[in-house]
Amino acid sequence: MTAIANNHVVSFHYTLTNAEGQTLDQSQGEPLAYLHGASNIIPGLENALAGKTVGEKFTITVPAAEAYGEYNPELVQEVPAQMFQGVENIQPGMQFQAQTDDGVQVVTVKAVEGDNVVVDANFPLAGQDLTFEVEIVEIRDASAEELEHGHVHGAGGHHH
């Protein structure tokens, strides 16, 4: 029986919950496929999947540091509302793409205060411990093209 290792394409069903037990995400009918060892998924989950086999079911809680990182208060900042040209009604919870020195970054509006907007560039799940219920569905060797590109192609994966 094949155990999950680097250069395997792994397909799995999952349900993701937060510390309060709320479901944040789950595989919808089709399992999620990823290339093991290519950092396609959060490190804590990838590490937990190593060595597992088809049919295994398990639950793991991944600490924030091994998920989307700790929450960084320095990534919250106030910017002038005129930076959002063309957006008439800026509301908390809206997400925008911002061009930064590190490339495109998604920011979430936290508050609107007069002519200023408070934005948060932390990943929405940063600072949260995440619990995954997982069922391994399939393990196969990655194709040469998948290895070259660093991600899965086809069903449950990346489409070019």
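Keep in mind the model is a prediction, meaning the values are calculated, not measured.

Reading guide: rules and limits
- Starting afresh in each chain, residues are numbered from 1 along the sequence in its written order.
- The model is predicted, so local features are restricted to residues of pLDDT at least 70 and side-chain atom pairs to those at 80 or more, both for listing and for counting; the totals for chains, interfaces and linings are taken over all residues.
- As a rule here, side-chain values cover all heavy atoms of the structure and leave hydrogens and water aside.
- A run of DSSP states H or I qualifies as a helix once it reaches four residues; a run of E qualifies as a strand once it reaches two. Both are numbered from the N-terminal end.
- Three exposure classes are used, based on accessible area relative to the maximum for each residue type with a 1.4 Å probe and protein chains only: buried under 20%, partly exposed in between, and exposed over 50%.
- It only takes one pair of heavy atoms within 4.5 Å for two residues to be counted as in contact.
- Positive charge is attributed to Lys and Arg, negative charge to Asp and Glu, and no charge count is given to His or to the chain ends.
- Lys charges are placed at NZ, Arg charges at CZ, Asp charges at CG and Glu charges at CD.
- UniProt positions are given in the numbering used here, feature names are shortened, and annotations may be inferred rather than shown by experiment.

S.K.: How would you explain the overall build of the chain if you had to name every residue and give the values?
M.R.: Scanning the chain from terminus to terminus reveals two helices and nine strands. Based on the C-alpha atoms only, the size of the chain along its principal axes is roughly 60 × 35 × 25 Å. Looking at the chain as a whole, 34% of its 160 residues are labelled buried. Looking at the chain alone, contacts between residues at least 24 apart form 63% of all its contacts between residues at least 6 apart. Separation of charge centres in the chain, based on 4 positive and 23 negative side chains, amounts to 12 Å.

S.K.: Summarise the UniProt feature "domain: PPIase FKBP-type" (unreviewed entry) in the chain; cite the residues concerned and give the values.
M.R.: According to UniProt, the positions carrying the feature "domain: PPIase FKBP-type" (unreviewed entry) are residues 7-80. Secondary structure across residues 7-80 comprises 9% helix and 39% strand; the distance between its end C-alpha atoms is 46 Å.

S.K.: Explain the environment of Val79 residue by residue, including any values.
M.R.: Tracing the backbone shows Val79 in strand S5 (residues 76-80). Using a relative accessible area of 10% as the deciding quantity, one classes Val79 as buried. Put simply, Val79 and Asn116 are 37 residues apart on the chain and 5.5 Å apart in space, counted from C-alpha to C-alpha. Not counting residues within four places of it along the chain, the set of residues in contact with Val79 comprises Phe84, Asp115, Asn116, Val117 and Val119.

S.K.: Can you explain unusual backbone geometry? Please cite residues and give values.
M.R.: Of note, Asn7 is a non-glycine position whose phi angle comes to about 70°, a positive value. Residue position: Asn7 is located in the segment before strand S1 (8-17). By relative accessible area, Asn7 is classed as partly exposed at 42%. In the Ramachandran plot, Ser39 falls in the positive-phi region, its phi being about 55° despite a non-glycine side chain. Along the chain, the position of Ser39 falls in the loop between strand S3 (32-35) and helix H1 (43-49).

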